[in-house]
Amino acid sequence: MSERRIGLALTAAGAPITLIGITLYFLPGPGFTVLTIGLSLLVTGLVMTAAGNPRP
């Protein structure tokens with residue numbers, strides 16, 4: 001599996017988890033933990049996707 005595909009998968013997983021974390025952050029619940037996990041997946045996925053496509 002290429003680095004770009006892993007990055008896209010992490011980004012696809014991180015975006016909805018981040019949105020769920022934001023929602024839970026404003027409602028009573030474990031929002032900060034879910035938000036932190038979602039943001040870390042999202043940022044890692046974006047970095048891996050950008051690194052998988054080097055510019056000439």
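Residues numbered from 1 in each chain as written. Predicted model: local features only at pLDDT ≥ 70, side-chain atom pairs only at ≥ 80, totals over all residues. Heavy atoms only, no water.

A short note on the packing of aromatic side chains
- Applying the stated criterion across every chain, the model contains 1 aromatic pair.
- Ring centres 5.7 Å apart and planes at 80° place the aromatic pair Tyr-25 and Phe-26 in the edge-to-face group.
- Classification of Phe-26 as exposed rests on a relative accessible area of 68%. (Phe/Tyr/Trp six-rings, centres within 6.5 Å; stacked < 30°, edge-to-face > 60°. Buried < 20%, exposed > 50% of the residue type's maximum accessible area, 1.4 Å probe, protein only.)

A few points about the environment of Ala-13
- Relative to the helices and strands, Ala-13 is located in helix H1 (residues 3–26).
- Note on Ala-13: relative accessible area 29%, which makes it partly exposed. (Helix = DSSP H or I, 4+ residues; strand = E, 2+ residues; numbered from the N terminus.)

A closer look at a nonpolar patch on the surface
- On the surface, a nonpolar cluster with roughly 610 Å² of combined accessible area is contributed by Leu-19, Ile-22, Tyr-25, Phe-26 and Phe-32.
- The element that contributes the greatest number of residues to the nonpolar patch is H1, accounting for 4 residues.
- Mapped onto the secondary structure, Phe-26 falls in helix H1. (Patch = residues over 30% accessible without salt bridge, like charges linked within 9 Å, V, L, I, M, F, W, Y side chains within 5 Å. Areas by Shrake-Rupley, 256 points an atom, 1.4 Å probe, with all protein chains shown as cover. Salt bridge = Lys/Arg side-chain N within 4 Å of Asp/Glu carboxyl O.)

Notes on H1
- For H1, with 24 residues, the first-to-last C-alpha span of 34 Å sits near the 34 Å given by 1.5 Å per residue.
- What H1 keeps buried is the set Gly-7, Thr-11, Gly-14, Thr-18 and Gly-21. (Expected span 1.5 Å × (residues − 1).)

Topic: the side chain of Thr-11
- Within the secondary structure, Thr-11 is located in helix H1.
- Separated by 2.8 Å, the side chain of Thr-11 and the backbone oxygen of Gly-7 make a polar contact.
- When residues no more than four places from it in sequence are discounted, the contact partners of Thr-11 are Leu-41, Leu-42, Gly-45, Leu-46 and Thr-49. (Polar contact = N/O pair within 3.5 Å; in protein donor to acceptor, adjacent residues only side chain to side chain. Contact = heavy atoms within 4.5 Å.)

Keep in mind that these numbers describe shape and distance, not what the molecule does.
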